[in-house]
Amino acid sequence: DTAVSQTPKYLVTQMGNDKSIKCEQNLGHDTMYWYKQDSKKFLKIMFSYNNKELIINETVPNRFSPKSPDKAHLNLHINSLELGDSAVYFCASSQTPGGIGNTIYFGEGSWLTVV
Amino acid sequence: GNSVTQMEGPVTLSEEAFLTINCTYTATGYPSLFWYVQYPGEGLQLLLKATKADDKGSNKGFEATYRKETTSFHLEKGSVQVSDSAVYFCALRAGGGNKLTFGTGTQLKVEL
């Protein structure tokens, strides 16, 4: 059983398109995240949701809109894709924040290429 | 703000060599510290963690000790294998927050 699963794993799309990446976790966690890994492998948080509420929103273009229908799902929708959006997007989850040492579990990543 | 500094890569070693990947951090309070590993074409996996000073995290022959006095969490392995070739990320989670701050990653290549 995959704990944090995201689809699609690979996505190639043209500039200007709108696309979504879906994420689901079966760990019973309350908190979910989206991280972006750029071409230099640098990882940075984009969003975090706790019980369907947005609690972290880093400086991300508003073309990126997360949606959490329930605490087990956090989808990422991207409008008007640009070349610079090409990256690997990682979904992750953890227990309710505040627990010392709570581990954040990552999905396998979604490789987005904008052409 | 919080930050993590890792040694630049790539690090190239022969099989059975000793590995050290340096990691130092800056954080408010008492962070939890983590090492994640990313094998080629795969996602991030937690390798080990430590939650308080002098704790030692260990897994798959890798170890790291939380050193508050030097604000470090260096990753070590006594004898690396080709299968250890991957990118290793040091990360911290400060206080009760729910955000991981990552280092830039260190690529390890192990050759026969």
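Residues numbered from 1 in each chain as written. Chains lettered and ligands numbered in written order. Predicted model: local features only at pLDDT ≥ 70, side-chain atom pairs only at ≥ 80, totals over all residues. Heavy atoms only, no water.

So, about the overall build of chain A. From N to C terminus, chain A includes zero helices and 11 strands. For chain A, the sequential pattern of α-helices and β-strands runs β-β-β-β-β-β-β-β-β-β-β. Its C-alpha atoms give chain A a radius of gyration of 13 Å, within 12% of the compact-globule value 13 Å for 115 residues. Viewed in the frame of its principal axes, chain A has a C-alpha envelope of about 40 × 30 × 30 Å. Buried residues in chain A amount to 44% of all 115 residues. Of the accessible surface of chain A, which amounts to about 5,600 Å², a share of 48% is contributed by carbon and sulfur atoms. On chain A, the mean spot of the 11 positive side-chain charges and the mean spot of the 11 negative ones are 5 Å from each other. (Helix = DSSP H or I, 4+ residues; strand = E, 2+ residues; numbered from the N terminus. Rg over C-alpha atoms; globule rule 2.2 N^0.38 Å. Buried < 20%, exposed > 50% of the residue type's maximum accessible area, 1.4 Å probe, protein only. Areas by Shrake-Rupley, 256 points an atom, 1.4 Å probe, with all protein chains shown as cover. Lys, Arg positive; Asp, Glu negative; His and termini not counted. Charge placed at Lys NZ, Arg CZ, Asp CG, Glu CD.)

Here the bond from T7 of chain A into P8 of chain A is cis, since omega is 0°, no more than 30 degrees from zero. Its location among the elements puts P8 of chain A in the loop between β1 (4–7) and β2 (10–13). The omega angle of the peptide bond from G9 of chain B to P10 of chain B is -5°, so this bond is cis rather than trans. Relative to the assigned elements, P10 of chain B resides in the loop between β1 (3–6) and β2 (11–14). For E16 of chain B, which is not a glycine, the phi torsion comes out positive at approximately 75°. Turning to its location among the elements, E16 of chain B is positioned in the loop between β2 and β3 (19–21). Unusually for a residue other than glycine, D54 of chain B sits at a positive phi of about 75°. Residue position: D54 of chain B is located in the loop between β6 (44–50) and β7 (56–59). Take D54 of chain B: its relative accessible area is 53%, and that puts it in the exposed class.

This part covers the sheet that holds strand β8 (residues 73–78) of chain A. All names here are of chain A. Strand order in the open sheet formed by four strands is β1-β3-β8-β7, and the pairing between neighbours is antiparallel. With partners counted over all chains shown, the strands left at the sheet margins are β1 and β7 (64–70), one partner each. Strand-to-strand twist in this sheet, taken as the mean axis angle between neighbours without regard to direction, amounts to 20°. Pairing analysis gives five bridges linking β7 to β8, with the strands arranged antiparallel. Residue S65 lies in a different strand from β8, and its bridge partner there is H77. (Pairing = 2+ DSSP bridges. Axes fitted to C-alpha atoms, helices over the stretch in contact; angles between N-to-C directions.)

Counting residues at the interface gives 22 residues for chain B, matched by 27 residues for chain A. Of the roughly 1,900 Å² buried between chain B and chain A, counting both surfaces, carbon and sulfur atoms make up 56%. Its largest share of buried area at the contact with chain A, chain B owes to L44, R93 and N98 of chain B, together 29% of the area lost on that side. Inspection of the chain B/chain A interface yields one salt bridge. Here K99 of chain B and E58 of chain A are joined by a salt bridge, their closest N and O atoms 3.6 Å apart. Counting the contacts that link chain B with chain A gives four residue pairs in polar contact (both at pLDDT 80 or more). For the side of chain B that touches chain A, the secondary-structure elements that each account for two or more residues are β5 (32–38), β6, β10 (86–93) and β11 (100–102) of chain B. Across the side of chain B that touches chain A, the residue classes break down as eight nonpolar, 10 polar and four charged. (Contact = heavy atoms within 4.5 Å. Buried area = accessible area lost by both parts, 1.4 Å probe. Salt bridge = Lys/Arg side-chain N within 4 Å of Asp/Glu carboxyl O. Polar contact = N/O pair within 3.5 Å; in protein donor to acceptor, adjacent residues only side chain to side chain. Nonpolar A, V, L, I, M, F, W, Y, C, P; charged D, E, K, R; others polar.)

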